[in-house]
Amino acid sequence: MPKPLLPGLQLQPLPYHDRLPLRDPSSLAMVVIHCTELPDLATAREYGERVLYDSGAGNSGHFYIDRDGGVVQYVAPERIAHHVRGMNADTVGIELVNSGRYPHWLDSRHQAMDEPYTEAQLLALERLLQALVARYPSLRRIAGHDQLDLEQVPASDDPAVTVARKRDPGPLFPWARVLAKVPLQGLG
């Protein structure tokens, strides 16, 4: 049995975990930072358990970091999780619990993402990133979901206006701090 990736890491595989395709860990190239845009970890779990594909799987990151710094693994990094369109095969998704634009994700009047990340979350993220890079040396890059999914969609309140489909991790994510602490190259 492999050594745990991180002390205190809670393993809570999604019900469809074993249906997700396996991949060669040496193929991992990039970490994608997300925020849940949901009120809490329990709601994020409910969303992750929703079956959306014929394979019996749904959308989920690999790791979730709660506001108190607790880290939960829903999907092993050796499996492909659905967390960023078209880029799942060689990426690891990390979700930070944060309300983001919840519950009006696409309403043009509610696009501010003004909940700050907690110090406990950021410390846990830094430790997780360091552990991932140590275990998977092929991981070299890091990006935000908003840097990879650039699609604009009609706003839910006014279809004549477009909004970003994905804005996470949002303007309050401290990229400079994170990049200074982990040996990954940002897209930016």
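Every value quoted in this text rests on a predicted model; they were computed, and no experiment measured them. (Residues numbered from 1 in each chain as written. Predicted model: local features only at pLDDT ≥ 70, side-chain atom pairs only at ≥ 80, totals over all residues. Heavy atoms only, no water.)

### Describing the UniProt feature "domain: N-acetylmuramoyl-L-alanine amidase" (unreviewed entry) in the protein chain
Okay, step 1: Taking the numbering used here, the UniProt-annotated feature "domain: N-acetylmuramoyl-L-alanine amidase" (unreviewed entry) corresponds to residues 18-160.
Okay, step 2: Each end of residues 18-160 is marked by a C-alpha atom, and these two atoms are 42 Å apart; helix forms 21% of the span and strand 17%. (UniProt positions renumbered as here; feature names shortened; annotations may be inferred. Helix = DSSP H or I, 4+ residues; strand = E, 2+ residues; numbered from the N terminus.)

### Topic: helix α2 (residues 119-135)
Okay, step 1: In this model α2 runs 24 Å from its N-terminal to its C-terminal C-alpha over 17 residues, within 8% of the 24 Å that 1.5 Å per residue would give.
Okay, step 2: Buried within α2 are the following residues: Q121, L122, A124, L125, E126, L128, L129, A131, L132 and V133. (Expected span 1.5 Å × (residues − 1). Buried < 20%, exposed > 50% of the residue type's maximum accessible area, 1.4 Å probe, protein only.)

### Notes on the pairing of strand β5 (residues 91-96)
Okay, step 1: Most of β5 sits out of view: six of its six residues are buried.
Okay, step 2: Judged by which residues are buried, β5 turns out to be covered on both faces: T91, G93 and E95 on one side and V92, I94 and L96 on the other are all buried.
Okay, step 3: The sheet contact formed by strand β2 (residues 30-35) and β5 spans six bridges and is parallel. Among the inter-strand pairings, C35 is bridged to a residue of β5, identified as L96.
Okay, step 4: Looking at chain direction, strand β3 (residues 63-65) and β5 are connected through three bridges and run parallel. (Pairing = 2+ DSSP bridges.)

### What to know about the layout of surface pockets
One simple way to see leftover space: roll a probe sized like a water molecule over the atoms.
Okay, step 1: Considered as a void within the structure, the largest pocket measures approximately 710 Å³ in volume.
Okay, step 2: Lining the largest pocket are 27 residues, with Y47, N59, E95, H145 and K166 sitting closest to its centre.
Okay, step 3: When residues of the lining of the largest pocket are traced back to their parent elements, those giving at least two are β2 and α1 (41-49).
Okay, step 4: In terms of residue count, the dominant contributor to the lining of the largest pocket is α1 (three residues).
Okay, step 5: Its residues placed into classes, the lining of the largest pocket shows 10 nonpolar, nine polar and eight charged. (1 Å grid on protein atoms, 1.4 Å probe; cavity = no way out; pocket = protein on both sides within 12 Å on 5 of 7 lines; lining within 4 Å. Points joined across faces, edges and corners; volume = space filled by probe spheres on them. Nonpolar A, V, L, I, M, F, W, Y, C, P; charged D, E, K, R; others polar.)

### Structural notes on the pairing of strand β6 (residues 141-144)
Regular strands place their side chains on alternate faces of the sheet.
Okay, step 1: Examined bridge by bridge, β2 and β6 share four bridges and lie parallel to one another. Paired with V31 across the bridge in β6 is I142.
Okay, step 2: By the bridge criterion, two bridges tie β6 to strand β9 (residues 185-186) in an arrangement that is parallel. Directly across from R141, in β9, lies its bridge partner Q185.

### Some remarks on the nonpolar core
Okay, step 1: One finds F63, I94, L125, L128, L129 and L132 to be the most contacted residues of the largest nonpolar core, which totals 30 residues.
Okay, step 2: Those elements giving two or more residues to this core turn out to be β2, β3, β5 and α2.
Okay, step 3: The element that contributes the greatest number of residues to this core is α2, accounting for eight residues.
Okay, step 4: When residues no more than four places from it in sequence are discounted, the contact partners of I94 are V31, V32, I33, H34, F63, I65, L125, L128, L129 and L132.
Okay, step 5: By size, the runner-up hydrophobic cluster in this structure holds 13 residues, among which are L41, A44, Y74 and V97. (Core = buried A, V, L, I, M, F, W, Y, C linked by side-chain atoms within 4.5 Å. Contact = heavy atoms within 4.5 Å.)

### Observations regarding the pattern of salt bridges
Okay, step 1: Counted according to the given criterion, the structure contains 12 salt bridges.
Okay, step 2: Among the salt bridges present, the one from R101 reaches E37, with a minimum N-O distance of 3.0 Å. You can see R101 sitting in the loop between β5 and α2 and its partner E37 sitting in the loop between β2 and α1, a full 64 residues away along the chain. Comparing R101 with E37 shows no difference in burial state: the two are buried.
Okay, step 3: Notably, a salt bridge pairs R45 with E49, separated by 2.7 Å at the nearest N-O pair. Taken together, the positions of R45 and E49, both in helix α1 and four residues apart, correspond to about one turn of that helix.
Okay, step 4: Classification of R45 by relative accessible area gives buried; the value is 17%.
Okay, step 5: Sharing partners across several salt bridges, the network here consists of R85, D149, E151 and R165. (Salt bridge = Lys/Arg side-chain N within 4 Å of Asp/Glu carboxyl O.)

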